[in-house]
Amino acid sequence: MTALTDAPPIENRPLTALPTGRARTIALFSLFLASTMELLDTTIVNVALPSIATGLGATAAQLQWMVAAYPLAFAVALITGSRLGDLWGRKRLFVVGLVAFTVMSAACGLAPSAEALIGFRALQGLAAAAMIPQVLTSIQVMYAPNERAAAMGLFTALAGVTAVLGPVLGAVLINANIAGTGWRSIFLVNVPVGIVAIVAAVTWVPNSVSERRPGIDVRGVLVLAAGLLAVLYPLTMGRELGWPGWGYALIAAGIVTLVAFVRHQQRTERDGREPLVTLSLYRLRSFGAGSGVHGLLFVAMGATFLCQTVYLQAGLGWTVLHAGLAGLPFAVATSIFAGVGMGVLVPRIGTRVLPVGAIVWAVGALLLLVAVHGATADTSTWAFVPGFVVSGAGFGLMVAPIGMFTITDVPVAHAGSASGLLSTTGQLGSAVGVAVVGTVFFSVVERNAGGVPSEMFGPAFEIVLGVLVVLMVVSAVVARLLPNGPATAPAGE
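Parameters and conventions
- Residues numbered from 1 in each chain as written.
- Predicted model: local features only at pLDDT ≥ 70, side-chain atom pairs only at ≥ 80, totals over all residues.
- Heavy atoms only, no water.
- Helix = DSSP H or I, 4+ residues; strand = E, 2+ residues; numbered from the N terminus.
- Buried < 20%, exposed > 50% of the residue type's maximum accessible area, 1.4 Å probe, protein only.
- Contact = heavy atoms within 4.5 Å.
- pLDDT = per-residue confidence, 0-100.
- 1 Å grid on protein atoms, 1.4 Å probe; cavity = no way out; pocket = protein on both sides within 12 Å on 5 of 7 lines; lining within 4 Å.
- Points joined across faces, edges and corners; volume = space filled by probe spheres on them.
- Phe/Tyr/Trp six-rings, centres within 6.5 Å; stacked < 30°, edge-to-face > 60°.
- Expected span 1.5 Å × (residues − 1).
- Axes fitted to C-alpha atoms, helices over the stretch in contact; angles between N-to-C directions.
- Parallel < 35°, antiparallel > 145°, perpendicular 65-115°, else oblique.
- Left-handed = near helix turned anticlockwise from the far one by under 90°.
- Nonpolar A, V, L, I, M, F, W, Y, C, P; charged D, E, K, R; others polar.
- Patch = residues over 30% accessible without salt bridge, like charges linked within 9 Å, V, L, I, M, F, W, Y side chains within 5 Å.
- Areas by Shrake-Rupley, 256 points an atom, 1.4 Å probe, with all protein chains shown as cover.
- Salt bridge = Lys/Arg side-chain N within 4 Å of Asp/Glu carboxyl O.
- Core = buried A, V, L, I, M, F, W, Y, C linked by side-chain atoms within 4.5 Å.

> I'd like to hear about the overall build of the protein chain, residue by residue, with values.
Broken down by element type, the protein chain carries 18 helices and 2 strands. By residue count, 56% of the 493 residues in the protein chain fall in the buried class. Long-range pairs, those at least 24 residues apart, make up 84% of the contacts in the protein chain between residues at least 6 apart in sequence.

> For the confidence of the model for the protein chain, give the residues involved together with the corresponding values.
When pLDDT is averaged along the protein chain, the result is 85, and 89% of the positions lie at 70 or above. No element of the protein chain has a lower mean pLDDT than strand 1 (residues 12-14), which averages 55, and none a higher one than helix 14 (residues 353-372), which averages 96. Below pLDDT 50 for its whole length, residues 1-10 participates in 27 contacts with residues either more than four positions away or in separate chains. Low pLDDT, under 50, characterises residues 488-493; the predicted model gives this stretch 26 contacts beyond four residues in sequence or across chains.

> Could you give an account of empty space enclosed by the protein, naming the residues involved and the relevant values?
Applying the stated criterion across every chain, the model contains 3 cavities of 30 Å³ or more. Its boundaries defined by the atoms lining it, the largest cavity holds a volume of some 210 Å³. Residue lining of the largest cavity: 14 residues in total, with Pro 167, Phe 305, Gln 308, Ala 323 and Gly 327 positioned closest to the centre. When residues of the lining of the largest cavity are traced back to their parent elements, those giving at least two are helix 6 (145-176), helix 11 (285-315) and helix 12 (320-325).

> Report on the packing of aromatic side chains, specifying residues and quantitative values.
Applying the stated criterion across every chain, the model contains 13 aromatic pairs. The interplanar angle of 85 degrees and the centroid separation of 6.4 Å between the aromatic rings of Trp 183 and Phe 187 together place this pair among those described as edge-to-face. For the pair Trp 183 and Phe 187, a shared accessibility class is recorded, and that class is buried. Aromatic pair Phe 330 and Phe 395: ring centres 5.7 Å apart, planes at 35 degrees, arrangement tilted. A residue pair is termed long-range when its members are at least 10 positions apart, and Phe 330 in helix 13 (residues 328-349) and Phe 395 in helix 15 (residues 385-399) qualify at 65 residues. The pair formed by Phe 330 and Phe 395 is uniform in burial state, with each residue classed as buried. Connected via pairs of aromatic rings, a cluster forms that spans Phe 305, Phe 330, Trp 361 and Phe 395.

> Any details on unusual backbone geometry? Residues and values, ideally.
Within the chain, Ala 179 stands out as a residue other than glycine whose phi angle is a positive 55 degrees. In this fold, Ala 179 is placed in the loop between helix 6 and helix 7 (185-188). On the basis of relative accessible area, Ala 179 is assigned to the exposed category, the value being 79%. Within the chain, Trp 243 stands out as a residue other than glycine whose phi angle is a positive 50 degrees. Take Trp 243: it is sitting in the loop between helix 9 (218-241) and helix 10 (245-270).

> For helix 11, give the residues involved together with the corresponding values.
Residue pairs spaced three or four apart in an α-helix point in one direction, given the helix's 3.6 residues per turn. Look at helix 11: 43 Å from first C-alpha to last across 31 residues, which is about the 45 Å you get at 1.5 Å a residue. The buried fraction of helix 11 is high, at 27 of 31 residues. Looking one or two residues past helix 11, Gly 317 carries a phi angle of roughly 75 degrees, positive in sign.

> Could you give me a rundown of the packing of helix 9 against helix 10, with the residues and numbers involved?
At a minimum axis distance of 8 Å, the contact between helix 9 and helix 10 shows a crossing angle of 155 degrees. Relative to helix 10, helix 9 is oriented roughly antiparallel. Here helix 9 and helix 10 pass one another in a crossing that is left-handed. On the side of helix 9, the interface is formed by Arg 219, Gly 220, Val 223, Leu 224, Gly 227, Leu 228, Ala 230, Val 231, Tyr 233, Pro 234, Leu 235 and Leu 241, while helix 10 contributes Trp 246, Gly 247, Leu 250, Ile 251, Gly 254, Ile 255, Thr 257, Leu 258, Phe 261, His 264 and Gln 265. For the contact of helix 9 with helix 10, the class distribution of residues is 15 nonpolar, 7 polar and 1 charged.

> Account for a nonpolar patch on the surface, naming residues and giving values.
On the surface, Leu 165, Val 172, Leu 325, Leu 328, Val 332, Ile 336, Phe 337, Val 340 and Val 344 cluster together to form a nonpolar patch covering roughly 630 Å² of accessible area. At the level of elements, helix 6 and helix 13 are the ones that each hand at least two residues to the nonpolar patch. A total of 6 residues in the nonpolar patch trace back to one element, the largest contributor, which is helix 13. Tracing the sequence through the fold places Val 340 in helix 13. Val 340 sits in the partly exposed class, given a relative accessible area of 30%.

> Got a sec to walk through the nonpolar core? Specific residues and values, please.
Ranked by internal contacts, the top residues of the largest apolar core, which has 110 residues, are Leu 117, Tyr 311, Trp 361, Phe 384, Phe 441 and Met 472. Among the elements that take part in this core, helix 11 stands out by supplying 16 residues, more than any other. Setting aside its immediate chain neighbours within four residues, Tyr 311 contacts Leu 316, Val 372, Ala 375, Phe 384, Phe 441, Phe 457, Gly 458 and Phe 461. Counting residues in hydrophobic clusters, the runner-up holds 28 residues, among them Phe 32, Ile 132, Tyr 143 and Ala 201.

Here it is as structure tokens:
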């Protein structure tokens, strides 16, 4: 097995002198700033949903789309963004994506209507798809093989902590109500951060291209986007529209389109051309099973984060700050157990840490279900803390090592494609979780309309927690399919 870091990838050709010392640190800072903005925007919007609903008069389905539009657009365009960076230069596309992301953040913060905010969120996701793939590649270009592990470890740690702290930071910003901006501040805060990152990137981040000239499958991107939208749009909007017949027809057409997309990708690969999605990677036991666990993990995360914040604020009447700070036990437990998992458990039990994490999160969900059942506006926050802590521990045990285990048997020549597919799977999982489980949640709320808020939203969140338990049990079963043993770097050919 040849480690990915044994030698610089031959496809990376620097076009400018590589920075060293302080200049390289500043370049890394720019890359991390961009990643932080993107990761925060994946989860920070959840805690603001009740405030956005009040401010823009948004419906429940529109709130779902405000969350789902971003990861859906990001997922569809992610692989294309990576290949455009290979062709046109990683720094060039990183800066373009960073500028677009900053501009779209401002647009989200100034959105005059719910429809406009959904559109800007989708454009923000497209900008992230241009920006984020260049981050990991640029780190690989800037650092020598023996230095990459530390830089990538720092990046992974930052990613995990940032994602779970999003709702907490969002709550603090909304509560501060800076210059009367309210919920808009969660987007507007990206503007000054983005400007700093742009200046640092233009000055310090090196440019590079790939020696290999990958193809851009525009038709594949459009077909994938059309198929996903055809399935997710009626699932999200159907409840409010009374589940019309055209909605079911559109779902069926979307499924047919996605099947056609898969067959097209298979033909492309068989013909020796480069597909948008390298389906042959899923024949690898580690990649197939790992991708399944990764997707289920993000379905659970996307659905739970959305429904939890709505339940706490609309169901229990908690303030946005109260609801946001209630997520701190989850965030702290995630950070601690991500370290415990990687540093202690992975070297000892290998891939078995994943089913352990899944079962722990399932137990945490059951503890939360017990706390939610019968909870009222007078219920103490401490009643929920055990569930949050145990859930965070399980999530941390899973989210830290899943990527490493998934790509362990992938040949170096396909490492970039595998990483892109893994990220795409996570983003799509999040979008599907928000669309499908979110629809179930709001349907139950609607059915209980007329009661006190805790009786409307409590049973709905209990169902979501039940779904979470099922997802984690399935994840534990799928994780057992992974080859056991400590993970290694992607394999040589």
